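Tertiary structure, described
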Amino acid sequence: MEAKTPSESRTTLTDLVLPSETNALNNLFGGELLARMDRAASIAAGRHSRRITVTASVNHVAFNLAIPLGSVVTVEAAVSRAYTTSMEVYLDVWIEDRYSGKSTKANEAIYTFVAVDETGKPTEVPPLQPESKLEKERYAGALRRKQLSLVLAGKMKPHQATELKALFMEDQGPGER
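Residues numbered from 1 in each chain as written. Predicted model: local features only at pLDDT ≥ 70, side-chain atom pairs only at ≥ 80, totals over all residues. Heavy atoms only, no water.

Quick look at the nonpolar core now. One finds M37, I67, M87, V89 and L91 to be the most contacted residues of the largest nonpolar core, which totals 26 residues. If you list the elements that add at least two residues to this core, you get α2 (30–49), β3 (72–82), β4 (86–96) and β5 (103–116). Apart from the residues within four sequence positions on either side, L91 is in contact with M37, A40, A41, V75, E76, A77, N107, E108, A109, I110 and Y111. (Core = buried A, V, L, I, M, F, W, Y, C linked by side-chain atoms within 4.5 Å. Buried < 20%, exposed > 50% of the residue type's maximum accessible area, 1.4 Å probe, protein only. Helix = DSSP H or I, 4+ residues; strand = E, 2+ residues; numbered from the N terminus. Contact = heavy atoms within 4.5 Å.)

Below you can see the structure in the form of structure tokens.
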């Protein structure tokens, strides 16, 4: 299977925040944002795999800024790493100032999707070849995040998480542990 780049999966969804989507403070409901991110991530995973994809997990969500009523919101998603049948998708959420056009990063998230066939059985996905510095950083971080998740779930022994362990060992000098 030929490798693909993150740019081949890049997905951008832009929409307005409407009154029915806001809480009592007139900010976008967190659940509404999660649904928008899930849709963008699903499209990105589908573009990478060219298969049906299902959400396996929401690994990280950071609600850093409230998104007010009337805001123009853009969700950007791209596959950050591909494994045998699963893909990590990294998402960035931006708020656009309607008057100046300036965009501010409001939130980010990391989702995992699995590619499946028509019967729901997991199926192989193409490998990912990151190109930019940011894509390479997210690609490297994805394996550490996966190993941490597996260790916490009891599906991997801590000593087997070599990439994760290396993160904590790299700054040590000779004779340090």
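Examined against the element boundaries, A166 turns out to sit in helix α4 (residues 162–169). With 22 residues separating them along the chain, A166 and R144 place their C-alpha atoms 9.3 Å apart.

Strand order in the open sheet formed by five strands is β1-β3-β4-β5-β2, and the pairing between neighbours is antiparallel. Across the chains shown, the open sheet's two edge strands, defined by having one partner strand only, are β1 (11–16) and β2 (52–63). Pairs of neighbouring strands in the sheet enclose a mean axial angle of 25°, with direction left out of account. Examined bridge by bridge, β1 and β3 share six bridges and lie antiparallel to one another. Looking at the pairing, T14 lines up with T74 of β3. Packed onto the sheet, helix α3 (residues 133–152) meets β3, β4 and β5 and runs at close to 120° relative to β4. (Pairing = 2+ DSSP bridges. Axes fitted to C-alpha atoms, helices over the stretch in contact; angles between N-to-C directions.)

Turning to the pattern of salt bridges, a few remarks are in order. Between side chains of opposite charge, pairing is possible as soon as their charged atoms come close. Inspection of the entire model under this criterion finds eight salt bridges. As a salt-bridge pair, R36 and E32 come within 3.1 Å of each other at their nearest N and O atoms. Here E32 and R36 lie together in helix α2, a separation of four residues that amounts to about one turn. Overlapping salt bridges, with partners in common, bring together D92, K105, E108 and R138 in one network. (Salt bridge = Lys/Arg side-chain N within 4 Å of Asp/Glu carboxyl O.)

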